[in-house]
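As a plain string of letters, each chain reads:
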Amino acid sequence: MDVFEDFLNNIEDETHRQRMADILNWVEKTFPNLNKRFAWNQPMFTDHGTFIIGFSVAKKHIAVAPEEKWMDQFASKVEAAGYGHGSHIFRIGFDQDVNYDLLKDLIGYNIEDKKDCETFWRKRVN
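Here we summarise the structure given alongside this text. (Residues numbered from 1 in each chain as written. Predicted model: local features only at pLDDT ≥ 70, side-chain atom pairs only at ≥ 80, totals over all residues. Heavy atoms only, no water.)

As for the environment of Asn 10
1) Next: When you line up the elements, Asn 10 lands in the loop between helix H1 (5-9) and helix H2 (14-30).
2) Next: A distance of 3.0 Å separates a polar side-chain atom of Asn 10 from the backbone oxygen of Asp 6. (Helix = DSSP H or I, 4+ residues; strand = E, 2+ residues; numbered from the N terminus. Polar contact = N/O pair within 3.5 Å; in protein donor to acceptor, adjacent residues only side chain to side chain.)

Side note on the nonpolar core
1) Next: Among the nonpolar cores identified, the biggest contains 31 residues, and Met 20, Ile 53, Phe 55 and Phe 90 are the most heavily contacted of them.
2) Next: Within the residue set of this core, elements represented by two or more residues are H1, H2, strand S3 (50-57), strand S4 (61-65), helix H3 (70-80), strand S6 (90-93) and helix H4 (100-113).
3) Next: If you tally residues by element for this core, the top one is H2, at six residues.
4) Next: Apart from the residues lying within four places of it in its own chain, the contact partners of Phe 90 are Ile 62, Ala 63, Val 64, Pro 66, Trp 70, Val 78, Tyr 83, Gly 84, His 85, Leu 102, Leu 103 and Leu 106. (Core = buried A, V, L, I, M, F, W, Y, C linked by side-chain atoms within 4.5 Å. Buried < 20%, exposed > 50% of the residue type's maximum accessible area, 1.4 Å probe, protein only. Contact = heavy atoms within 4.5 Å.)

Re the sheet that holds S6
1) Next: Spatially, the six strands line up as an open sheet ordered S1-S2-S3-S4-S6-S5, and their pairing is antiparallel. Two strands lie at the open edges of the sheet, namely strand S1 (35-39) and strand S5 (84-85), each paired on one side alone.
2) Next: Pairing analysis gives four bridges linking S3 to S4, with the strands arranged antiparallel. Following the sheet pairing, Gly 54 is matched in S4 by Ala 65.
3) Next: Across the sheet, H2 lies against S1, strand S2 (42-47), S3, S4 and S6, angled at about 165° from S3, the strand it touches most.
4) Next: On the sheet, H4 packs against S2, S3, S4 and S6 and is oriented at approximately 145° with respect to S3. (Pairing = 2+ DSSP bridges. Axes fitted to C-alpha atoms, helices over the stretch in contact; angles between N-to-C directions.)

Digging into the side chain of Thr 46
1) Next: Examined against the element boundaries, Thr 46 turns out to sit in strand S2.
2) Next: With relative accessibility at 6%, the residue Thr 46 sits in the buried group.
3) Next: The residues contacting Thr 46, other than those within four sequence positions of it, are Leu 34, Asn 35, Arg 37, Phe 51, Ile 52 and Phe 120.

What follows is the structure in structure tokens.
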């Protein structure tokens, strides 16, 4: 059974379910070396045991969670794509197109930046 199947089946709105499935399938095909994991009520992808990106669904959007460090590199690109954001996530509205180039850049950045990371989350540097 696919690790994300129950999660997807619990999304009531068919168009929202399909949008989420499309994104998860795209990540899996584009980054086949990433591992799929379901934790903290969200589908996520990991690399050598470290978190790369996670997703969740709300009433009006999909939340993309790439860890807080993404803000330094990608906040202006997220804003240019028309997505709202907080410090830990950005939101792709169900009425918005998915900017797959942005996702590809962000996931690639996390893979490279965390290639030597030995923990699930980045260690905070204050």
